[in-house]
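Analysis of the macromolecular model
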Amino acid sequence: MIDALEIRPNTAGDGTSELTYSTPGLLRRLSRNPLGVASGIVTLLFIITGVIGLAMVTVPSLHGYYLNQNLVASLESPMSPGHILGTDGLGRDMAARLIAGIGVSFGITLVVTVGAIGIGIPLGLVAGYSRGAADTAIGGAADLVWGVPAILLAIVLTGIFQPGLTVVVVSLILIQWAAFARVVRAQTLSLRERDFV
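Below: a short report on this structure.

So, how was this worked out
- Residues numbered from 1 in each chain as written.
- Predicted model: local features only at pLDDT ≥ 70, side-chain atom pairs only at ≥ 80, totals over all residues.
- Heavy atoms only, no water.
- Helix = DSSP H or I, 4+ residues; strand = E, 2+ residues; numbered from the N terminus.
- Buried < 20%, exposed > 50% of the residue type's maximum accessible area, 1.4 Å probe, protein only.
- Contact = heavy atoms within 4.5 Å.
- Core = buried A, V, L, I, M, F, W, Y, C linked by side-chain atoms within 4.5 Å.
- Polar contact = N/O pair within 3.5 Å; in protein donor to acceptor, adjacent residues only side chain to side chain.
- Axes fitted to C-alpha atoms, helices over the stretch in contact; angles between N-to-C directions.
- Parallel < 35°, antiparallel > 145°, perpendicular 65-115°, else oblique.
- Nonpolar A, V, L, I, M, F, W, Y, C, P; charged D, E, K, R; others polar.
- Patch = residues over 30% accessible without salt bridge, like charges linked within 9 Å, V, L, I, M, F, W, Y side chains within 5 Å.
- Areas by Shrake-Rupley, 256 points an atom, 1.4 Å probe, with all protein chains shown as cover.
- Salt bridge = Lys/Arg side-chain N within 4 Å of Asp/Glu carboxyl O.
- Left-handed = near helix turned anticlockwise from the far one by under 90°.
- Expected span 1.5 Å × (residues − 1).
- Arc of directions from axis to C-beta.

**Things to note about the environment of L125**
Mapping L125 onto the fold places it in helix α4 (residues 94-130). A residue is classified by how much of its surface remains accessible, and L125, at 42% relative accessible area, is partly exposed. Along the primary structure L125 and R185 are separated by 60 residues, whereas in three dimensions their C-alpha atoms are 5.7 Å apart. Contacts of L125, omitting those with residues within four sequence positions, involve V184 and T188.

Structure below.
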């Protein structure tokens, strides 16, 4: 939140000024930054599209929107009636398939973020508060994880386990937890040294 300090002349007429503190409204602040407004609208549209796509992928009654084939309507051009982005070679609606793909990406992002936070925050708290051997071990594990490319870990896990989205999610969680652990460890170390702790 952006706060503002304003210097206003004193109404008493003695030539002095007073310092006033005001918080501009959200709409007033946003109106000063049109690029921020545009970015917020685009981000909101992506989130809404991701939620709709995730619903299309997870709710079985909605699978028909992007999976049903209609060979009569195959390879229709964009902006054709009923198919804003056209259809593919099997007559499936391209807009629905695009939204379903965004939904899959959105779902993976949610699961990876929640999983990485669930692992990284507790490990960062332990490393920052206990220090010593735990801090060294967790810091070393984070350095080791960041030294391994995510794609290499995904390839190794795919060779060990059955390929699929689960392997992608697990490999991303195994890489991303280190970022959360480092931030939480640093904050815990700074708070640990404060007088009120």
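**Looking at the nonpolar core**
Within the largest apolar cluster, eleven residues are counted, these being A127, I138, A142, V145, L153, L157, V167, I175, W177, A178 and A181. Of all the secondary structure elements, the ones that give two or more residues to this core are α5 (132-147), α6 (150-160) and α7 (165-192). Ranked by residues supplied to this core, first place goes to α7 with five residues. Setting aside its immediate chain neighbours within four residues, V167 contacts A154, L157, T158, F161 and Q162.

**Considering the side chain of D88**
Structurally, D88 can be placed in the loop between α3 (64-67) and α4. Given the relative accessible area of 13%, D88 is considered buried. At 3.1 Å, the side chain of D88 and the backbone nitrogen of L90 are in polar contact. When residues no more than four places from it in sequence are discounted, the contact partners of D88 are S74, L75, M94 and R97.

**Here we look at the packing of helix α2 (residues 34-58) against α4**
When two helices pack together, you describe them by how their axes are tilted relative to each other and by the distance separating the axes. Contact geometry of α2 with α4 gives a least axis separation of 6 Å together with a crossing angle of 95 degrees. Relative to α4, the element α2 is oriented roughly perpendicular. Two secondary-structure elements touch here, α2 through F46, I47, T49, G50, V51, I52, G53, L54, M56 and V57 and α4 through A96, I99, A100, I102, G103, V104, F106, G107 and L110. Looking at the contact of α2 with α4 residue by residue, the classes come out as 14 nonpolar, five polar and no charged.

**Notes on a nonpolar patch on the surface**
Taken together, V148, I151, L152, I155, V156, I160 and F161 make up a surface patch of nonpolar side chains, about 670 Å² in accessible area. Along the chain, the position of V148 falls in the loop between α5 and α6.

**Here we look at the packing of α4 against α7**
Between α4 and α7, the shortest axis-to-axis distance is 5 Å and the interhelical angle comes to 35 degrees. For the pair α4 and α7, the crossing hand works out as right-handed. Class assignment of the residues belonging to the contact of α4 with α7 gives a composition of 21 nonpolar, six polar and two charged.

**Things to note about α5**
An ideal rise of 1.5 Å per residue puts 22 Å on 16 residues; α5 measures up with 23 Å between its terminal C-alpha atoms. Taken residue by residue, α5 has D135, I138, A142 and V145 as its buried positions. Axial view of α5: buried residues confined to an arc of 100 degrees, hence all on one face. Exposed side of α5, more than 90 degrees from the buried face: A133, T136, A137, L144 and G147 are the residues found there.

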